[in-house]
Amino acid sequence: LRNLSAPYSIAAPSAALAQPQFRNYRCADGTQFMAGFFQYDPRAHLQLDGKAVTLAKRVALSGSRYSGKGVTLRITKAGVTTLKHAKRPVTTCEQT
C-alpha cells in the first residue's frame, strides 16, 4: 500500500485571521478612542469617553460606516477616519 498522507497536508486556519483587531485613534478635536473589530462580527466596538459603545455596520458607498447611540464612525477605502459623537462636529482621526 502507498502512503497517501505524506504528500498531502491539511493547513489549519491561521490564528492571526481569528484574532480581533484593536486600533487606537486620536482625533483633531482631542478625542481619543479605541475600536475593536472581530472577524465574524460586522459591528465596531468602541471605547469612547470611558464607555463601551457598539456600532452597527451601515451601508456606505465607499469604505465602512458604523453608527449607533449618537455615534458615527467612517473609515474610507483610502484610510481616512472620521468620528461624529455627542452633538460635536465631525472630526478627522488618525490611528496611533
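Everything numeric in this text was worked out from a predicted model, so none of it was measured.

(A) Region of the structure containing unusual backbone geometry. For alanine 86, which is not glycine, the phi dihedral falls at a positive 50°. Within the secondary structure layout, alanine 86 lies in the loop between β7 (81-84) and β8 (91-95).

(B) Molecular detail of the pattern of salt bridges. Counted under the stated rule, the structure contains one salt bridge. The salt bridge partner of arginine 43 is aspartate 41, with a shortest N-O separation of 3.0 Å. For arginine 43, a relative accessible area of 37% gives the class partly exposed. Overall, aspartate 41 belongs to the buried group, its relative accessible area being 18%.

(C) Structural detail: the sheet that holds β7. Taken together, eight strands build a closed barrel; the order of strands is β1-β2-β3-β4-β5-β6-β7-β8 and the barrel is antiparallel. On average, each strand axis in the sheet is tilted by 30° relative to the strand beside it, whichever way the strands run. With five bridges joining them, strand β5 (residues 64-68) and strand β6 (residues 71-75) adopt antiparallel strand pairing. The partner of serine 67 across the bridge, within β6, is threonine 72.

Criteria and cut-off values
- Residues numbered from 1 in each chain as written.
- Predicted model: local features only at pLDDT ≥ 70, side-chain atom pairs only at ≥ 80, totals over all residues.
- Heavy atoms only, no water.
- Helix = DSSP H or I, 4+ residues; strand = E, 2+ residues; numbered from the N terminus.
- Salt bridge = Lys/Arg side-chain N within 4 Å of Asp/Glu carboxyl O.
- Buried < 20%, exposed > 50% of the residue type's maximum accessible area, 1.4 Å probe, protein only.
- Pairing = 2+ DSSP bridges.
- Axes fitted to C-alpha atoms, helices over the stretch in contact; angles between N-to-C directions.

Nothing here speaks to function; it is all geometry.
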